[in-house]
Protein chains: 2
Amino acid sequence: MNLILTLRILGALLLYLGGALLLPVLFSLYYHDEAWPAFIYSSLLCFGVGGLLFTFCKSSKDLSVREGFAIVTFGWTFFALFGALPYLLSGVIPAPIDAIFETMSGFTTTGSTILTDIEKLPESLLFWRSLTQWLGGMGIIVLSLAILPMLGVGGMQLFKAEVPGPTTDRLRPRIQDTAKLLWGVYLLLTALETLLLMLGDMNFFDALCHSFATLATGGFSTHNASIAAFDSSYIDMVVTIFMILAGINFSLHFQLLRGKLGSFHRNEEFRCYIGLFFIISLIIITFNWSGGSYQTLGENLRYSIFQVASIITTTGFATADYEVWPILPQYLLVMLMFVGGCAGSTGGGMKVARILLLLKHAQVQVFRLIHPRAIRLVKLDNRPVDKEVLQSILGFFALFIGIFVIASLLMAACGMDLVSGGAAVIACLSNIGPGLGTVGPVDNFAQIPSFGKTVLILCMLMGRLELFTVLVLFFPSFWRK
Amino acid sequence: MNLILTLRILGALLLYLGGALLLPVLFSLYYHDEAWPAFIYSSLLCFGVGGLLFTFCKSSKDLSVREGFAIVTFGWTFFALFGALPYLLSGVIPAPIDAIFETMSGFTTTGSTILTDIEKLPESLLFWRSLTQWLGGMGIIVLSLAILPMLGVGGMQLFKAEVPGPTTDRLRPRIQDTAKLLWGVYLLLTALETLLLMLGDMNFFDALCHSFATLATGGFSTHNASIAAFDSSYIDMVVTIFMILAGINFSLHFQLLRGKLGSFHRNEEFRCYIGLFFIISLIIITFNWSGGSYQTLGENLRYSIFQVASIITTTGFATADYEVWPILPQYLLVMLMFVGGCAGSTGGGMKVARILLLLKHAQVQVFRLIHPRAIRLVKLDNRPVDKEVLQSILGFFALFIGIFVIASLLMAACGMDLVSGGAAVIACLSNIGPGLGTVGPVDNFAQIPSFGKTVLILCMLMGRLELFTVLVLFFPSFWRK
């Protein structure tokens, strides 16, 4: 591990963060919310620490795989720590653990909150909350489509070929080129949603913040009632569509812009994701209808579809309290929490492609029992999947379930009940936001003890970075020369 | 698929069942419980159908793998259907679905019951309930140590080498030899426990029935309060020890009888199983102590250890209502429900060896990320595990979780709450018995609607037969020539 080089790049990242921290100042001055000093001080601290690291840590070597892991994990951790400063310095969130929870929830695009009254916050801090999600989303797109495939994490190398940009084996130039292309798509979609939300009588501030949270599949809102606060079926529809778009592999959006319409149809994961969205929506609508959750079919469609989109994409916006729905719809939503969006999207969870490959693997296993001498390979998009990749995905699944079990156990040790504890963990591990029980869509994470919050912060980080990226750091051999 | 040969062997199995059905007649006559005609008629029906199948279905061919699958799955199904007859004919359980549930729960050594007042049953039927478990346990030992390894199911071929008896590639003679050796151990342990329980002032009838249910890790009791009815710490201790013994690979017991003490120590799965039992017991005792569940340390030890043994071995006997314990102990018990006993024992669940290999696989995956060019194999008992076996185990894990999710979903569709529905499924899929919530240790499965009971019956069957054995039958290509 080249620690010097790692620190230099982390320094550079902090300089970017310092710049980002100046953006809320504009809103603070415009709204006269008096919170601007908190951002100025935070920014200066980032520039100071970042500048020092960048200046004094010099290394002529190029990046290797190990530094890649360290930069990704510590990068996100640094952002969560330094990004928490405005909350602390402004006094809006007095407890450090709470401020870090909120910021980690932002940068990992989770959307779980410890705030009990969001609307009380100064506008600049509301903007910062949404901005952390948007920046986190930018990070995720590049992470999942450019960095992780090269690091070989959890079978993500499967998606190497789909990534736009020139193919080169050196880490840095490739990441930079890919990033620029994909961020173009991300920016375009954000601008489009902001515009469409403003057409629905949302003010610019709310429209921008919600677009940030939608495209990042984050779920932070500027209102206590989330999207329900606007009570507009037009807004619900716009947000639903953009959540679904944000849950799709961004390289597909890129292909679309290049006029390659067929790439959507050819992509098995996309077909599966859309199919799952429609089937689950249909079942939930049916059960909400027979269970009498809504008076009219229109209301049923509006609220059911929104919630399915919000959960499958791991956004976590709410327009309805799904805990008053019948049991089966609730159960289906919990199932979707584990599945998550497409690989290469800003969505979290295990990803549709992995679940698809697991099912195919199980099918091949059964087939082999019947035909012991036949050879049948697991395929995705008509291409056989490499055995190593498949093993990696199976390992990811086992690890995901394992971490879910252990973390839930720790939540139980904090005294949380089985459903709430498990739901809190999956809500954070899959980067969704709300869970069930005491952390349901109309509740928040404030009442969880500090130890539990620490566990959940780790879950958000691990879930967001596809588990392995974080876990390798705990192996002593990672740190050896 | 050679259907004729399959039917012939199923016929032979029914003849054995017909014989077994005559045993309760002895108890009926001794206790004058008037239920003997139900057994005579049931027995005659088995002899009739079995005799017809055995006589008229003649085939000169030898068994192949496909017939193996069909015989195992249909064998257990036939036993559950024909074994349900005494309940129906005696009028003790009027509804066919309930009688089949109870019998399937017996033969799969699950121990879930739909009876609300067990003590009301005639002695002969109580004996039959326990006998179904004991016979099921006999079946499981041979299935997991002789049949499944040869069929290549779910990585069970891993344990091929450990099985006693001559090694030959032909299915029938090998199974018969292995069966005889292992059943000797099974019989011996049953006799020993019966004797020890009688020394604790249990009458012969109760001692025999509870020994049957212990060695099979079944969990059916002759009393409503299960083992708690005897309120004796000596009996609790004896049952605890024999549950633990029943959860160990029976080929290890066989090695022990041959004087090979070291085989226990060399067996990694055994060490892991014992380690898990002690660690979980310790944590639960600690939490029950700090939570004030028990007045004295003696009580705490007695009840906590019994319950851990009962759940990890998937027996399901109860001496305490663990639902009044603190959350963490409950959560740990749920975790153990998924793990289960050792492969080659009468215990259910995913098996300790599979979980161990999953963890090792995940570790190797992380290691590979750090050292992409290094080769590290997953090992068990210092022998490298074949990649095909590992893939098979990973597939088993994914399938187990998948079936758990889908079955829980169906329970939710029946209106069961999240915890009760999920607990009912895992209690049946892992062949444990009691779950949580409305199917907790002081409740039963009576109130579940017929559709839910059908789902649970299927879960018991699939879980007991290591999933794949049942699932292959649903593939059309299985039935083709």
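Criteria and cut-off values
Residues numbered from 1 in each chain as written. Chains lettered and ligands numbered in written order. Predicted model: local features only at pLDDT ≥ 70, side-chain atom pairs only at ≥ 80, totals over all residues. Heavy atoms only, no water. Helix = DSSP H or I, 4+ residues; strand = E, 2+ residues; numbered from the N terminus. Buried < 20%, exposed > 50% of the residue type's maximum accessible area, 1.4 Å probe, protein only. Contact = heavy atoms within 4.5 Å. Areas by Shrake-Rupley, 256 points an atom, 1.4 Å probe, with all protein chains shown as cover. Lys, Arg positive; Asp, Glu negative; His and termini not counted. Charge placed at Lys NZ, Arg CZ, Asp CG, Glu CD. Buried area = accessible area lost by both parts, 1.4 Å probe. Salt bridge = Lys/Arg side-chain N within 4 Å of Asp/Glu carboxyl O. Expected span 1.5 Å × (residues − 1). Bend = angle between axes of the 7 residues up to and from the residue. Axes fitted to C-alpha atoms, helices over the stretch in contact; angles between N-to-C directions. Left-handed = near helix turned anticlockwise from the far one by under 90°. Least-squares fit on C-alpha atoms with pLDDT ≥ 70 in both. Phe/Tyr/Trp six-rings, centres within 6.5 Å; stacked < 30°, edge-to-face > 60°. Polar contact = N/O pair within 3.5 Å; in protein donor to acceptor, adjacent residues only side chain to side chain. pLDDT = per-residue confidence, 0-100. Parallel < 35°, antiparallel > 145°, perpendicular 65-115°, else oblique. Nonpolar A, V, L, I, M, F, W, Y, C, P; charged D, E, K, R; others polar. Patch = residues over 30% accessible without salt bridge, like charges linked within 9 Å, V, L, I, M, F, W, Y side chains within 5 Å. Core = buried A, V, L, I, M, F, W, Y, C linked by side-chain atoms within 4.5 Å.

1. Considerations on the overall build of chain A
In step 1: The helix and strand inventory of chain A stands at 21 helices and two strands.
In step 2: Dimensions of chain A, computed from the C-alpha atoms along their principal axes, are close to 70 × 65 × 50 Å.
In step 3: Taking all 481 residues of chain A together, 63% fall into the buried category.
In step 4: Restricting the contact set of chain A to residue pairs at least 6 apart, pairs at least 24 apart contribute 72%.
In step 5: Counting only carbon and sulfur atoms, one obtains 67% of the accessible surface of chain A, whose full area is about 17,700 Å².
In step 6: Distance between charge centres in chain A, computed from 29 positive and 28 negative side chains, equals 18 Å.

2. A look at the interface of chain A and chain B
In step 1: Taken together, the 51 residues of chain A in the interface contact 51 residues of chain B.
In step 2: Counting the surface lost from both chain A and chain B, the interface buries some 4,500 Å², and carbon and sulfur atoms represent 76% of this.
In step 3: Viewed at the interface, chain B and chain A are joined by four salt bridges.
In step 4: One salt bridge in this structure joins arginine 368 of chain B and glutamate 388 of chain A, with 2.9 Å as the shortest N-O distance.

3. Here we look at helix H7 (residues 123-151) of chain A
Residue and element names in this part refer to chain A.
In step 1: Taking 1.5 Å per residue, 29 residues should reach 42 Å; H7 reaches 39 Å between its end C-alpha atoms and fits that length.
In step 2: Along its length, H7 shows its largest kink, about 45°, at leucine 143.
In step 3: Looking at the residues trailing H7, positive phi occurs at glycine 152, about 75°.

4. Considerations on the packing of helix H1 (residues 3-20) of chain A against helix H4 (residues 65-83) of chain A
Two numbers describe a pair of packed helices, the interaxial angle and the distance between the axes.
Residue and element names in this part refer to chain A.
In step 1: H4 packs onto H1 with a crossing angle of 35° between their chain directions and a minimal axis gap of 10 Å. Classified by chirality, the crossing of H4 by H1 is right-handed. Where H1 abuts H4, its residues Thr6, Ile9, Leu10, Leu13, Leu14 and Leu17 lie against Glu67, Ala70, Ile71, Phe74, Gly75, Phe78, Phe79, Phe82 and Gly83.

5. Remarks on the side chain of threonine 222 of chain B
In step 1: Turning to its location among the elements, threonine 222 of chain B is positioned in the loop between helix H9 (204-215) and helix H10 (233-246).
In step 2: Among residues more than four places away in sequence, those in contact with threonine 222 of chain B are Ile118, Glu119, Leu126, Phe205, Asp206, Cys209 and His210 of chain B.

6. Overview of the relation of the copies chain A and chain B
In step 1: Expressed as a screw operation, the relation of chain A to chain B combines 0.0 Å of axial shift with a rotation of 180°, fitting to an RMSD of 0.0 Å. Here the two chains are linked by the operation of a two-fold rotation axis. Measuring from the rotation axis to each C-alpha of chain A, the shortest distance belongs to leucine 394 of chain A, at 3.1 Å.
In step 2: In this assembly, 100% of the residues forming the interface of chain A have copies in chain B that are likewise at the interface, indicating an isologous arrangement.

7. Concerning the packing of aromatic side chains
Residue and element names in this part refer to chain B.
In step 1: If you walk through the whole model with that rule in mind, you get 49 aromatic pairs over all chains.
In step 2: Both rings, one in phenylalanine 101 and one in phenylalanine 445, keep their centres 5.7 Å apart while their planes meet at 40°; by these two values the pair is tilted. A residue pair is termed long-range when its members are at least 10 positions apart, and phenylalanine 101 in helix H6 (residues 96-107) and phenylalanine 445 in the loop between helix H18 (418-429) and helix H19 (450-464) qualify at 344 residues. Exposure class is identical for phenylalanine 101 and phenylalanine 445. Each is buried.
In step 3: Note on tyrosine 294 and tyrosine 303: the rings are 5.3 Å apart at their centroids and 20° apart in plane angle, and the pair reads as stacked.
In step 4: Take tyrosine 294: its relative accessible area is 19%, and that puts it in the buried class.

8. Things to note about the pattern of salt bridges
Should the charged atoms of two oppositely charged side chains come close, the side chains can pair.
All names here are of chain A.
In step 1: The tally for this structure, following the rule as stated, stands at 18 salt bridges over all chains.
In step 2: Here aspartate 231 and arginine 302 are joined by a salt bridge, their closest N and O atoms 3.5 Å apart. Highlighted residues: aspartate 231 in the loop between helix H9 (204-215) and helix H10 (233-246) and arginine 302 in helix H14 (residues 297-312), separated in sequence by 71 residues.
In step 3: A relative accessible area of 55% places aspartate 231 in the exposed class.
In step 4: By relative accessible area, which is 22% here, arginine 302 ends up partly exposed.
In step 5: Taken together, the shared-partner salt bridges in this structure form one network comprising Asp231, Asp236 and Arg302.

9. Notes on the environment of leucine 369 of chain B
Residue and element names in this part refer to chain B.
In step 1: Secondary-structure assignment places leucine 369 in helix H16 (residues 352-370).
In step 2: Its relative accessible area of 7% is what places leucine 369 among the buried residues.
In step 3: Taking the C-alpha atoms as reference, leucine 369 lies 55 Å from serine 60; in sequence the two are 309 residues apart.

10. Describing unusual backbone geometry
In step 1: Positioned with a positive phi, lysine 351 of chain A is a non-glycine residue whose angle comes to about 85°.
In step 2: Along the chain, lysine 351 of chain A turns up in the loop between helix H15 (327-339) and helix H16 (352-370).

11. As for the side chain of arginine 368 of chain A
In step 1: One can find arginine 368 of chain A in helix H16.
In step 2: Side-chain polar atoms of arginine 368 of chain A contact the side chain of glutamate 388 of chain B, separated by 3.0 Å.

12. Considering the environment of leucine 471 of chain A
In step 1: Within the element layout of this structure, leucine 471 of chain A appears in helix H20 (residues 468-471).
In step 2: Placed 398 residues apart in sequence, leucine 471 of chain A and threonine 73 of chain A show a C-alpha to C-alpha distance of 9.4 Å.
In step 3: In this structure leucine 471 of chain A touches Leu399, Ile403 and Met462 of chain A together with Val366 of chain B, once residues within four positions along its chain are discounted.

13. Regarding helix H17 (residues 387-413) of chain B
Residue and element names in this part refer to chain B.
In step 1: Counted at 1.5 Å a residue, the expected span for H17 with its 27 residues is 39 Å, and the 39 Å between its end C-alpha atoms agrees.
In step 2: The N-cap of H17, judged by a side-chain oxygen 3.1 Å from the amide nitrogen of glutamate 388 a few residues on, is aspartate 386.
In step 3: Glycine 415 lies just past H17 and shows a positive phi near 95°.

14. Section: the confidence of the model for chain A
In step 1: Summary statistics for chain A give a mean pLDDT of 91 and a share of 96% for residues scoring 70 or more.
In step 2: Two numbers describe this predicted complex: its pTM, 0.92, and its ipTM, 0.89.

15. Overview of the packing of H17 of chain B against H19 of chain B
Residues and elements named next belong to chain B.
In step 1: Interhelical geometry of H17 versus H19 gives an angle of 165° and a closest axis separation of 9 Å. One element, H17, and the other, H19, form an angle in the roughly antiparallel class. Crossing hand, H17 versus H19: left-handed. Here Ile403, Ala407, Leu410 and Met411 of H17 come into contact with H19, specifically with Phe451, Gly452, Val455, Leu456, Cys459 and Met462.
In step 2: In terms of residue class, the contact of H17 with H19 is built from nine nonpolar, one polar and no charged.

16. A closer look at a nonpolar patch on the surface
In step 1: A cluster of nonpolar side chains, Tyr41, Leu44 and Leu89 of chain A, forms an exposed patch at the surface whose accessible area comes to about 350 Å².
In step 2: Considering the arrangement of structural elements, one finds tyrosine 41 of chain A in helix H3 (residues 36-56).

17. Description of the nonpolar core
In step 1: If you look at the biggest cluster of nonpolar residues, it comprises 315 residues, and the most contacted ones within it are Phe445 of chain A together with Phe445 of chain B.
In step 2: In this structure phenylalanine 445 of chain A touches Phe101, Ser112, Thr113, Ile114, Ala424, Ala427, Cys428, Gly433, Val439, Lys453 and Leu456 of chain A, once residues within four positions along its chain are discounted.

18. Structural notes on the environment of arginine 376 of chain A
Residues and elements named next belong to chain A.
In step 1: Inspection of the secondary structure assignment puts arginine 376 in the loop between H16 and strand E1 (379-380).
In step 2: Judged by relative accessible area, arginine 376 falls into the partly exposed class, the value being 34%.
In step 3: In this structure, arginine 376 is in contact with Gln363, Val364, Phe367 and Arg368, ignoring residues within four places of it in sequence.

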